[in-house]
Protein chains: 2
Amino acid sequence: MARAAKNGTTIAQVAAAAGVSRATVSRVMNGRSTVAADMAERVRAAAADLQYHPSTTARGLSLGRTNTVALVVPDLGNPMFQQILRGAVAAAEPFGFRFLVAETAEHADAEAETALEARLRCDALILAAPRSSEAALRELLPQVTPAVLINRDVPGLDVPSVRVDYGAGVHSVVDHLVALGHRDLAYVAGPRASASHALRARALEEARERHSSLRVTTVACGSTVDDGYRVADEVLATEATGVVAFNDLVAFGLLARLNETGVDVPGDISIAGFDDIELARYGTPSLTTAAVPQAELGGRAWGLLHQLVADQAATPGAGRPAPAASPLVMPGLVVRSSTGPVPPARRLAVPSSDRAGRVRTSDPGVRARWSATNDGWALTTGEQPLARYASGDAMPAVHSPRPHLHPLHSLGGVAMTQTTPIDHRHHYGVSMAVPDVNGTTYWGGRTFVRGQGPTLLSNQGRQHADFTEALEGGATLSSQVRWTDERGHDQVVEHRRLTGLLLPEVEAWSLGWSSRLHAQGSDVVIGSPATNGRPGAGYGGLFWRLPFADEATVLTADGDSEAHAHGSRSPWIAVVRRHGEAWTTLLLVQPGDVDPWFVRVADYVGAGPALAWDATRRIAAGSSLDVELVAVVVDRRLDTVDAADLTEFAVARVRAAGGTSRLGPPQASVCPPRV
Amino acid sequence: MARAAKNGTTIAQVAAAAGVSRATVSRVMNGRSTVAADMAERVRAAAADLQYHPSTTARGLSLGRTNTVALVVPDLGNPMFQQILRGAVAAAEPFGFRFLVAETAEHADAEAETALEARLRCDALILAAPRSSEAALRELLPQVTPAVLINRDVPGLDVPSVRVDYGAGVHSVVDHLVALGHRDLAYVAGPRASASHALRARALEEARERHSSLRVTTVACGSTVDDGYRVADEVLATEATGVVAFNDLVAFGLLARLNETGVDVPGDISIAGFDDIELARYGTPSLTTAAVPQAELGGRAWGLLHQLVADQAATPGAGRPAPAASPLVMPGLVVRSSTGPVPPARRLAVPSSDRAGRVRTSDPGVRARWSATNDGWALTTGEQPLARYASGDAMPAVHSPRPHLHPLHSLGGVAMTQTTPIDHRHHYGVSMAVPDVNGTTYWGGRTFVRGQGPTLLSNQGRQHADFTEALEGGATLSSQVRWTDERGHDQVVEHRRLTGLLLPEVEAWSLGWSSRLHAQGSDVVIGSPATNGRPGAGYGGLFWRLPFADEATVLTADGDSEAHAHGSRSPWIAVVRRHGEAWTTLLLVQPGDVDPWFVRVADYVGAGPALAWDATRRIAAGSSLDVELVAVVVDRRLDTVDAADLTEFAVARVRAAGGTSRLGPPQASVCPPRV
DNA sequence: CTGTTAGCGCTTTCAA
DNA sequence: TTGAAAGCGCTAACAG
């Protein structure tokens, strides 16, 4: 006779205590309604009293089912399977089913054995066996029914399966990359034996056939972060501009290495992953990926299994239940920041027809005008957007939130501004950025402070666009901007006017920016890193950040080159840029007193007049400082003579249009307040 | 009677088929040796024939144990618990035990119920219940023995537990940060109710008491990546320079946000996590963390449980087994790249006694000499290291691997070089870095190529230090450096001499660098971004990258400031830097023909003579080009006059010491080859 | 060494 | 509506 002195209370004890039969106790415990109320109550009391808990094992034996299902996965360390487990556990929970987990881990050959063993303890099995051979599965599966496969399909056997359409995922990723101009791709491959790797590889083969110009190089890799990290150099060596990684882990490994080595993703190379693991959103940069709803996969597997178990219970012994329909799960492409346009150097020539449809500035009656949009103001001419004026409220505090113009385009549609670029994340299109106003920075990022060096964190101010309105039929945007320091105290109130003007005579458009900075309660002293100990770093004031181009030069009245321009007091500077065959020029003019220009074209492209080039600038309490700039954007290459000519013309036109007129004729920088 | 027509073969069938009793079959199946060999064989055959698999349920019922243990965790999505599961599953596998998982998920209140239910299906329970109240646990635990707790301790009950010494972990992290100079810390807190959060909070309290000058601000957060991402701005607002994150996930969220906003980790702020999840190594930057061996935690829990189960089986019904010893698990600090010295701006004054113990250069007989080390060559004087010369073989290909000097220190111990800084990862101390040699780059990173713009990937060359030897008793290091292009073809063979020399008279030391670049098979044309369309970007040649300082200026014979120095042909330039109260100067001299200086102190600090400032430079096949530089490192502030004086003195001394003598007196840059 | 048999604790049929 | 009892499939004590 069996001994097993389990410690639990048995049904017999409860029956005895309640003075009823074991069957009655059983009925009560299972909620059968056929028991007299008082008796049921007695039973329940006894059970509670004795802390009776029915033995699941005995029930299982008697019932022939355990309400447990097994999940067999190759590797519990893989987030993919973790998610599947999570999804399955959550889905099964409401039905009172528990999960038994088994890992085949290293023993790929023992996969079948493990599955079999696990299945024996349970009512059913969910099996993820990416590396088992089809033959092995074909032998195993009949022994473990009911079972559901994950990401495998064994033709002929009607074992339901939950499968991801990796092919479709690959196609969506490839199409995305192709749309961004990529023609040279690398596939960073999963484990050789992996079935889902095979699916991806095949899809890439198809994609290559669909896109005639596509080149795809395969780099053998694996499925872990480590693998991705290790093959990064090899991936770079393929000279691909776009990478399809086997999964997000591999993509993360790649990213880690590329970040370490300073490769710009996606500037130099675009990376896309697979799966959309939780951390994908939080990569640096955030990862574009074909999202596989992994937890849902687990949930679906449970769903199929549950149906199977139910069917079987309903028609015991009867022929096989109708195989559950198992539609493929479609991965959804999630575009984040790790993919971007193919680098200019690798871009193919764009047919000139793409440049069609632009507004002819010579059309009579066409004007540029400001209008409100959901998220700011837009300067448009006809249908064509020229610039957007954003409040900057959404900027992170460390970037010194401020209103700015971005994007801003030439009439030919070329981007003339850049925002939060990798090299200086706190550059935002065109803005009034000043690194030191009584110790507060309106520049963002680290600032050079005397006696402290480059400093972050402490002193970011904020410019609030208190109210903004379009004047003169939209020709001018008037904005009151309040500058508050890190404690929220007002420092400066600025009256700003932005005038957009078409210059059909010269096939250009022009922006007038005029600001009056009014010192509130107390004196305002404007400084710069240069005035704080780092000569040459005299930046601060109106600052215009441009995107990189194939080539960039700067012209001034004093001479050409960055070295000449930087610090010069030329009335104008021209940043001339080439993009493939096309050219644009940004002409910046200081119509009034000329402050030294801060100019960079070597490390990045940006320029603006410096308020505190080598000395601080004081605005006495109650008085104000005027800043004026006229910019002209032209879709051609200007030379020194052109630029000088255009300068005069543009200033006159902008002034006539009211762009700088409010401030009257050129005057001393510091002037008495006017209400 | 029960019906349950289970589909499996029963022991009775096997017994019948084999013509033996059920007991015999049982014996055979359980490997009892007391069965006659032939009979056993018959049984096995019958079993195999009938595909007989013993019912685990029935065995379980009979044996009173199921060889299954339950693991109850709050959240299967948490990598921590995933690892614990993994560890436990792996540890239990050899014993034939399987794991049943249950998640308490949202229902924190149903934690007890879930645990109880799960326990009923198993022999034992591992419980992770970080948020259950102690009272609840006290009531639950006696009902679920044998059980093991994870990261909880219920005094009075002798339930074994596996616990991490989070306190010790916090202390090691804090000590690490304090050693780096941090005094302002932020603790990014875990979930309020979490027990392990409480432990960390208490330890931080203690740490604050241990370190009198320490300030710790707590930022309420949570335990997920999302939580970390969300509180990043708040963390910055605390102005802490060091952050202790509740766990690695939170740290990752922080990192993601800080990277997005361009905050330099660890330059601006140091971040440390907890746990050492797999991805910690692969963060950007890689994460410093108090490593908790999570999988091992699971393994240990299994170990304790196993012991308990065994004990119980051994002495059934006997009094409680001796509670298993459960030593705390110590987290090990893993220092990676997310923590670093406190930013200079926030550094406290260093007592001047720290500067003691330096070599007195006026000591007679003290010389600087080169000697081989495990990983290159070192220039030392007495005990003091002055510079290391590394082969660069380990550099990533995209950085154009090349030999370089780093670190290099002043006699006062101030760092004068920087390697792979965030802004330009391909800067490596002092090296011969040339962005365009017949189209190949020896500069690293993206390069500006005519007609292509800034380009990565395609054309990285490599400089091999073929052989290196110390000459003249160690005064000079002679190195033959072979430049090979991206296809591995030789382009240039360089003979390089590095001479280290103490200048006791002026309390300085000096480095002579002389290179003869010999064009191999064909003409060699050296270009730069400037000659490729980006005027001003004339860099390339000997390049010296310095770390940032509190203040930096550059002096030349032509005038002071970056604008004057950049492009100047002054025979010397001096980079003068302040660090707190101390100053250093790096004086660079071109003793021969003077090439224009490429100088940056505003965006970063770096300088060197430019080989192709505004025109390409050709070395005819078979001829060579000489490059010479003398550097003087002084621990004080030099002015223009000092610098000019020192220039002559140092050049004479270095020349006398053989540093540039091999090349003879100043000569034309391009000269006939000498063998 | 082998067979017989009494349970393990529960459910469900069947008879009352 | 309730109780008695026959299993569910296996193990182990015990007899032979």
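Residues numbered from 1 in each chain as written. Chains lettered and ligands numbered in written order. Predicted model: local features only at pLDDT ≥ 70, side-chain atom pairs only at ≥ 80, totals over all residues. Heavy atoms only, no water.

**Observations concerning the pairing of strand β3 (residues 124-127) of chain A**
Along a regular strand, successive side chains alternate from one face of the sheet to the other. All names here are of chain A. Our working rule: Burial classes follow relative accessibility: with a 1.4 Å probe on protein chains only, a residue under 20% of its type's maximum area counts as buried, one over 50% as exposed, and anything between as partly exposed. Put simply, DSSP H or I for four residues or longer makes a helix, DSSP E for two residues or longer makes a strand, and each gets a number counted from the N terminus. Two strands are counted as paired when DSSP detects at least two bridges linking them. We call a crossover right-handed when, viewed with both strands directed away from the observer, the connection leading from the first strand over the helix to the second proceeds clockwise.
Residue alternation in β3 divides its side chains into two sets, Ala-124 and Ile-126 and Leu-125 and Leu-127, and both sets are buried. When β3 meets strand β4 (residues 147-150), the two strands line up parallel, connected through three bridges. If you follow Leu-127 over to β4, its bridge partner there is Leu-149. Crossover connection from β3 via helix α7 (residues 134-144) to parallel β4: handedness right-handed.

**Overview of the nonpolar core**
Selection criterion: The term nonpolar core refers to a set of buried residues drawn from Ala, Val, Leu, Ile, Met, Phe, Trp, Tyr and Cys, joined through side-chain atoms within 4.5 Å. We call two residues contacting when some pair of their heavy atoms lies within 4.5 Å.
Residues Phe99(A), Leu254(A), Ile271(A), Phe99(B), Leu254(B) and Ile271(B) are the most contacted members of the largest nonpolar core, which totals 157 residues. If near-sequence neighbours (up to four positions away) are discounted, Ile271(B) is found in contact with Val243(B), Ala251(B), Leu254(B), Leu255(B), Leu258(B), Val265(B), Leu287(B), Thr288(B), Ser338(B) and Thr339(B).

**Description of the sheet that holds strand β4 (residues 147-150) of chain B**
Note the cut-off: Under this scheme, a helix contributes an axis fitted over its contacting stretch, all axes are lines through C-alpha atoms, and angles between N-to-C directions fall in the 0 to 180 degree range.
With respect to topology, ten strands assemble into an open sheet ordered β5(A)-β4(A)-β3(A)-β1(A)-β2(A)-β2(B)-β1(B)-β3(B)-β4(B)-β5(B), the strand pairing being mixed. Strands at the two margins of the open sheet, each flanked by one partner only, are β5 (161-162) of chain A together with β5 (161-162) of chain B. One ladder, built from four bridges, connects strand β1 (residues 68-73) of chain B with strand β3 (residues 124-127) of chain B; its direction is parallel. Counted as the bridge partner of Leu71(B) is Ile126(B) from β3(B). Here α7(A) sits on the sheet and contacts β3 and β4 of chain A; the angle it forms with β3(A), its principal contact strand, is near 150°.

**Notes on the protein's contact with DNA strand D**
Put simply, the rule reads: Working definition: residue near molecule or strand if any one of its non-hydrogen atoms lies within 4 Å of it. Nitrogen and oxygen atoms within 3.5 Å of one another constitute a polar contact, given that in protein one can donate a hydrogen and the other can accept it, and given that sequence-neighbouring residues count only through two side-chain atoms. Charged residues are taken to be Asp, Glu, Lys and Arg, nonpolar residues to be Ala, Val, Leu, Ile, Met, Phe, Trp, Tyr, Cys and Pro, and polar residues to be all remaining types, Gly included.
Residues in close proximity to DNA strand D total 32 residues, the closest being Arg27(A), Ala36(A), Ile11(B), Tyr52(B) and Arg59(B). Atoms of DNA strand D within 4 Å of the protein belong to the sugar or the phosphate in 67% of instances, the rest to bases. With respect to DNA strand D, the backbone of Ile11(B) contributes an N or O atom lying 2.3 Å from a phosphate oxygen. Measuring from a phosphate oxygen of DNA strand D, one finds a side-chain N or O atom of Tyr52(B) at 2.6 Å. At the level of secondary structure, the elements contributing two or more residues to the surface near DNA strand D comprise α2 (22-29) and α4 (56-63) of chain A together with α2 (22-29) and α4 (56-63) of chain B. Looking at the surface near DNA strand D residue by residue, the class counts come to 15 nonpolar, nine polar and eight charged.

**Here we look at empty space enclosed by the protein**
Rules: Cavities and pockets are defined on a 1 Å grid built over the protein atoms alone: a cavity is a set of grid points where a 1.4 Å probe fits but cannot escape, while a pocket is an open set with protein on both sides within 12 Å along at least five of seven lines, and lining residues are those with an atom within 4 Å of any such point. Grid points are joined across faces, edges and corners, and a volume is the space filled by probe spheres set on the points.
Counted under the stated rule, the structure contains eleven cavities of 30 Å³ or more. Estimates place the volume of the largest cavity at around 250 Å³. Lining the largest cavity are 15 residues, and of these Thr66(A), Thr68(A), Arg121(A), Thr66(B) and Arg121(B) sit closest to its centre. When residues of the lining of the largest cavity are traced back to their parent elements, those giving at least two are α4 of chain A together with α4 of chain B.

**Section: the environment of Ile269(A)**
Residue and element names in this part refer to chain A. Inspection of the secondary structure assignment puts Ile-269 in the loop between α11 (248-261) and β9 (270-275). Through-space distance from the C-alpha of Ile-269 to that of Pro-529 is 34 Å; in sequence the pair is 260 residues apart. Other than its neighbours up to four places away in sequence, Ile-269 contacts Val-235, Leu-236, Ala-240, Thr-241, Gly-242, Val-243, Leu-258, Val-263, Asp-264 and Ser-338.

**Some details on the relation of the copies chain A and chain B**
Applicable threshold: A least-squares superposition brings the copies together, and it is based on the C-alpha atoms of residues with pLDDT no lower than 70 in both.
When chain A is brought onto chain B, the operation consists of a screw motion whose angular component is 180° and whose axial shift is 0.0 Å, with 0.3 Å RMSD remaining. The relationship between the two copies is best expressed as a two-fold rotation axis. Closest approach to the rotation axis among the C-alpha atoms of chain A is made by Leu100(A), whose C-alpha sits 2.1 Å away. When the interface residues of chain A are mapped onto chain B, 99% of them are again interface residues, pointing to one common binding face.

**Quick word on the packing of aromatic side chains**
The following threshold applies: The pairing test for Phe, Tyr and Trp rings, Trp by its six-membered ring, is centres within 6.5 Å, and the orientation test on the planes gives stacked under 30 degrees, edge-to-face over 60, and tilted for anything in between. A positively charged side chain is recorded as over a ring if its NZ (Lys) or CZ (Arg) lies within 6 Å of the ring centre. The angle to the ring normal must also be within 35 degrees.
All chains considered together, the criterion is met by 22 aromatic pairs over all chains. Of the aromatic side chains, those joined through ring pairs into one cluster are Phe95(A), Phe97(A), Phe99(A) and Trp302(A). Of note, Arg637(A) hangs over the ring of Trp583(A), and the distance from its end group to the ring centre comes to 4.0 Å. The ring of Phe274(B) has Arg200(B) lying over it, and the distance from NZ or CZ to the ring centre is 4.6 Å.

**Looking at the protein's contact with DNA strand C**
Taken together, 32 residues form the shell around DNA strand C, and within it Ile11(A), Arg59(A), Thr24(B), Arg27(B) and Ala36(B) come nearest. Looking at the surface near DNA strand C, the elements with two or more residues in it are α2 and α4 of chain A together with α2 and α4 of chain B. Of the residues in the surface near DNA strand C, the class split is 15 nonpolar, nine polar and eight charged.

**What about the environment of Phe252(A)?**
Among the secondary structure elements, Phe252(A) is positioned in helix α11. Owing to a relative accessible area of 5%, Phe252(A) belongs among the buried residues under this scheme. For the pair Phe252(A) and Ala537(A), spaced 285 residues apart in sequence, the C-alpha to C-alpha distance is 37 Å. Beyond its immediate sequence surroundings of up to four residues, Phe252(A) is in contact with Val225(A), Ile277(A), Leu279(A), Ala280(A), Gly283(A), Leu287(A) and Leu279(B).

**Observations concerning the pattern of salt bridges**
Two side chains carrying opposite charge are able to pair once their charged atoms lie near each other. Note the threshold: Salt bridges are identified by distance alone: a Lys or Arg side-chain nitrogen within 4 Å of an Asp or Glu carboxyl oxygen.
The final tally for this structure, using the stated rule, is 50 salt bridges over all chains. Asp466(A) is paired through a salt bridge with Arg482(A); the nearest N and O atoms lie 2.7 Å apart. Taken as a pair, Asp466(A) in strand β20 (residues 462-471) and Arg482(A) in strand β21 (residues 476-484) lie far apart in primary sequence, 16 residues in all. Put simply, Arg257(B) and Asp233(B) hold a salt bridge, and the shortest N to O gap is 3.8 Å. Linking Arg257(B) in helix α11 (residues 248-261) with Asp233(B) in helix α10 (residues 225-237), this pair joins segments that are 24 residues apart in sequence.

**Let's talk about the interface of chain A and chain B**
What counts here: We define buried area as the total accessible area lost by two parts upon association, computed with a 1.4 Å probe and summed across both.
Facing 107 residues of chain A, the contacting portion of chain B comprises 106 residues. Together, the buried faces of chain A and chain B total about 9000 Å²; carbon and sulfur atoms form 57% of this surface. Note that Arg98(B) and Glu117(A) form a salt bridge whose closest N and O atoms lie 2.4 Å from each other. Our count for the contact surface shared by chain A and chain B stands at 21 residue pairs in polar contact (both at pLDDT 80 or more). Examining the composition of the side of chain A that touches chain B, we find that seven residues originate from one element, α4(A), more than from any other.

**Describing the sheet that holds strand β9 (residues 270-275) of chain B**
Each strand in a sheet pairs with another by means of backbone hydrogen bonds, the pair being arranged parallel or else antiparallel. Residues and elements named next belong to chain B. The strand order across the open sheet built from six strands is β7-β6-β8-β9-β10-β11, with neighbouring strands paired in mixed fashion. The sheet is open, and its two edges are formed by β7 (215-219) and β11 (332-334), each paired on a single side. If you compare each strand with its neighbour and ignore which way they point, the axes differ by 20° on average. Where strand β8 (residues 242-245) meets β9, three bridges bridge the pair, whose relative direction is parallel. Bridge pairing links Gly-242 to Ser-270 in β9. Across the sheet, α10 is in contact with β6 (184-188), β7 and β8; its angle to β7 comes to roughly 150°.

**Brief notes about the packing of helix α1 (residues 11-18) of chain B against α2(B)**
All names here are of chain B. Test applied: Any angle that falls under 35 degrees is termed roughly parallel, while one over 145 is termed roughly antiparallel, one within 65 to 115 roughly perpendicular, and all others oblique.
With their axes 8 Å apart at the nearest point, α1 and α2 run at an angle of 100° to one another. When the axis of α1 is compared with that of α2, the two are roughly perpendicular. For the pair α1 and α2, the contacting residues are Ile-11, Ala-12, Val-14 and Ala-15 in the first and Arg-22, Val-25 and Ser-26 in the second. Residue composition of the contact of α1 with α2, grouped by class: five nonpolar, one polar and one charged.

**Describing the pairing of strand β26 (residues 551-556) of chain A**
Residue and element names in this part refer to chain A. The buried fraction of β26 amounts to six of the six residues, a majority that puts the element mostly inside the structure. Burial along β26 is two-sided: the face carrying Glu-551, Thr-553 and Leu-555 and the face carrying Ala-552, Val-554 and Thr-556 are both buried. As judged from the six bridges shared by β26 and strand β27 (residues 572-579), these two strands associate in the antiparallel manner. Bridge pairing links Thr-556 to Ile-573 in β27.

**Looking at a negative patch on the surface**
Here is the rule we go by: A patch is a set of surface residues, each over 30% in relative accessible area and not in a salt bridge, joined within 9 Å for like charges and within 5 Å for the nonpolar side chains Val, Leu, Ile, Met, Phe, Trp and Tyr. Per-residue accessibility takes into account occlusion by the displayed protein chains alone, with areas from the Shrake-Rupley method and a 1.4 Å probe. Charged residues are defined here as Lys and Arg on the positive side and Asp and Glu on the negative side; His and the ends of the chain fall outside this count. Charge coordinates come from a single atom per side chain, which is NZ of Lys, CZ of Arg, CG of Asp or CD of Glu.
Judged by side-chain charge, Asp639(A), Asp642(A), Asp645(A) and Glu648(A) come together as a negatively charged surface patch. On the secondary structure map, Asp645(A) appears in helix α14 (residues 640-656).

**Description of the environment of Gly541(A)**
Within the secondary structure layout, Gly541(A) lies in strand β25 (residues 541-546). Sequence separation between Gly541(A) and Leu611(A) is 70 residues, and the spatial gap between their C-alpha atoms is 5.4 Å.

**Observations concerning the packing of α10(B) against α11(B)**
Residue and element names in this part refer to chain B. Spelled out, the test is: Note on convention: near helix rotated counterclockwise from far helix by under a right angle means a left-handed crossing. Clockwise means right-handed.
Contact pair α10 / α11: the axes reach a minimum separation of 7 Å and the direction vectors enclose 55°. Relative to α11, α10 is oriented oblique. α10 and α11 meet at a crossing whose hand is right-handed. On α11, the residues that touch Val-225, Gly-228, Tyr-229, Val-231, Ala-232, Asp-233, Val-235 and Leu-236 of α10 are Leu-249, Val-250, Phe-252, Gly-253, Leu-254, Ala-256, Arg-257, Leu-258 and Glu-260.

**What about the domain arrangement of chain A?**
Put simply, an interface is often sized by how much accessible area is lost when its parts join up. Inclusion rule: A domain assignment, automatic or from a database, supplies the domain bounds used here.
Taken domain by domain, chain A consists of domain 1 (11-63), domain 2 (68-164 + 296-314), domain 3 (166-291) and domain 4 (392-560 + 575-656). Placing the centre of domain 3 of chain A and that of domain 4 of chain A at their C-alpha centroids yields a distance of 39 Å.

**Here we look at unusual backbone geometry**
Apart from glycine, the bulk of residues carry a negative phi angle, and the bulk of peptide bonds sit in the trans form. Backbone torsion omega between Thr284(A) and Pro285(A) reads -5°, so that peptide bond is classified as cis. Take Pro285(A): it is sitting in the loop between β9 and β10 (288-291). Residue His406(B) is joined to Pro407(B) through a cis peptide bond whose omega torsion reads -5°. Despite not being glycine, Asn151(B) shows a phi value in the positive range, around 55°. Locating Asn151(B) in the fold gives a position in the loop between β4 and β5. A positive phi angle is found at Glu507(B), which is not glycine, with a value near 50°. Counting through the fold element by element, Glu507(B) comes out in the loop between β22 (490-503) and β23 (508-519).

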